[in-house]
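What the coordinates show
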Amino acid sequence: MKQELKISNQQLGEWIDEWQESLFRYAFFRIGERADAEDIVQDAFLKIASTTSSVQNPKAYLYRVVTNSCINLQRSKSRFQPIEPKIPSQNSSDEYEAREEQQRIARLLDTLPDKQAEVIRLHIHAELKFTEIAEVLEIPVTTVKSRFTSGIERLKQLFIN
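Here is a short report on the structure shown in this document. Being a predicted model, the structure only gives us computed values, none of them experimental.

1. So, the packing of aromatic side chains
- In the structure shown here, the tally under the stated rule is five aromatic pairs.
- Both rings, one in Trp15 and one in Trp19, keep their centres 6.0 Å apart while their planes meet at 25°; by these two values the pair is stacked. Separated by four residues within a single helix, Trp15 and Trp19 lie in helix H1 (residues 9–31), roughly one turn from each other.
- Each member of the aromatic cluster is reached from another via a ring pair, and the members are Phe24, Phe28 and Phe29.

This is the structure in structure tokens:
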């Protein structure tokens, strides 16, 4: 019989306090929509709270869940692109500026191979250390560093040319 492991509400609350903001920032810069980013982060915390298996590294687990959810959302939305971008209301100028910044960064990162762009996103937007990124992506730290360095070099070349 499988033993069910339950995360305490106190532990979950501590994780939310510690990681919610950086998870949201990462999700927002991945997908560019505040409401979607909030939903994805909330779902990630619900998923870890309801898991019945042992989670060795909860931070890496949460980032992996958020990353996968962002990818799935982008795939589903790519089939239904709006003809014209929404015109922001005057009340949402801050959100509009944040979305514009997100789109500029996304366009730059889209010029890179996916593996390099993902490492840069996790390091810059999620503020993860290279060792943490290695755990999230399940790759060696040296590979993370190499992808980051190569990606940044490619971005520098774009600005020079």
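The rest of the description comes next.
2. What about the side chain of Ser22?
- With respect to the element layout, Ser22 can be found in helix H1.
- What makes Ser22 buried here is its relative accessible area of 11%.
- A distance of 2.8 Å separates polar atoms of two side chains, one belonging to Ser22 and the other to Tyr63.
- Leave out the neighbours within four places in its chain, and Ser22 touches Tyr63, His125 and Ala126.

3. Topic: the nonpolar core
- Counting 39 residues, the largest nonpolar core has Leu23, Phe45, Ile48, Tyr63, Val66 and Leu122 as the members making the most contacts within it.
- Mapped by element, the contributors of at least two residues to this core are H1, helix H2 (34–50), helix H3 (58–78), helix H5 (114–124), helix H6 (130–137) and helix H7 (141–160).
- Beyond its immediate sequence surroundings of up to four residues, Val66 is in contact with Leu23, Tyr26, Ala27, Ile40 and Ala44.

4. Brief notes about the pattern of salt bridges
- Under the defined criterion, the tally for this structure stands at eight salt bridges.
- In this structure, the salt-bridge partner of Arg121 is Glu118, at a minimum N-O distance of 3.2 Å. Placement of the pair is Arg121 and Glu118 together in helix H5, with a separation of three residues, close to one helical turn. In this structure, Arg121 and Glu118 share a single accessibility class: buried.
- Among the ionic pairs, Glu153 bridges to Lys156, the shortest N-O distance being 3.5 Å. In this pair, Glu153 and Lys156 are both assigned in helix H7, three residues apart and thus about one turn of the helix distant.
- Taking the relative accessible area as the measure of exposure, Glu153 reaches 38% and is therefore partly exposed.
- Salt bridges here are not isolated pairs; linked through shared partners, they connect Glu21, Arg25 and Glu127.

5. A closer look at H2
- Helix length check: H2 (17 residues) gives 24 Å between terminal C-alpha atoms against 24 Å at 1.5 Å per residue, within 8%.
- For H2, the complete set of buried residues consists of Asp36, Ala37, Ile40, Val41, Ala44, Phe45, Ile48 and Ala49.

Conventions used here
Residues numbered from 1 in each chain as written. Predicted model: local features only at pLDDT ≥ 70, side-chain atom pairs only at ≥ 80, totals over all residues. Heavy atoms only, no water. Phe/Tyr/Trp six-rings, centres within 6.5 Å; stacked < 30°, edge-to-face > 60°. Helix = DSSP H or I, 4+ residues; strand = E, 2+ residues; numbered from the N terminus. Buried < 20%, exposed > 50% of the residue type's maximum accessible area, 1.4 Å probe, protein only. Polar contact = N/O pair within 3.5 Å; in protein donor to acceptor, adjacent residues only side chain to side chain. Contact = heavy atoms within 4.5 Å. Core = buried A, V, L, I, M, F, W, Y, C linked by side-chain atoms within 4.5 Å. Salt bridge = Lys/Arg side-chain N within 4 Å of Asp/Glu carboxyl O. Expected span 1.5 Å × (residues − 1).

Function cannot be inferred from these measures alone, as they are strictly geometric.
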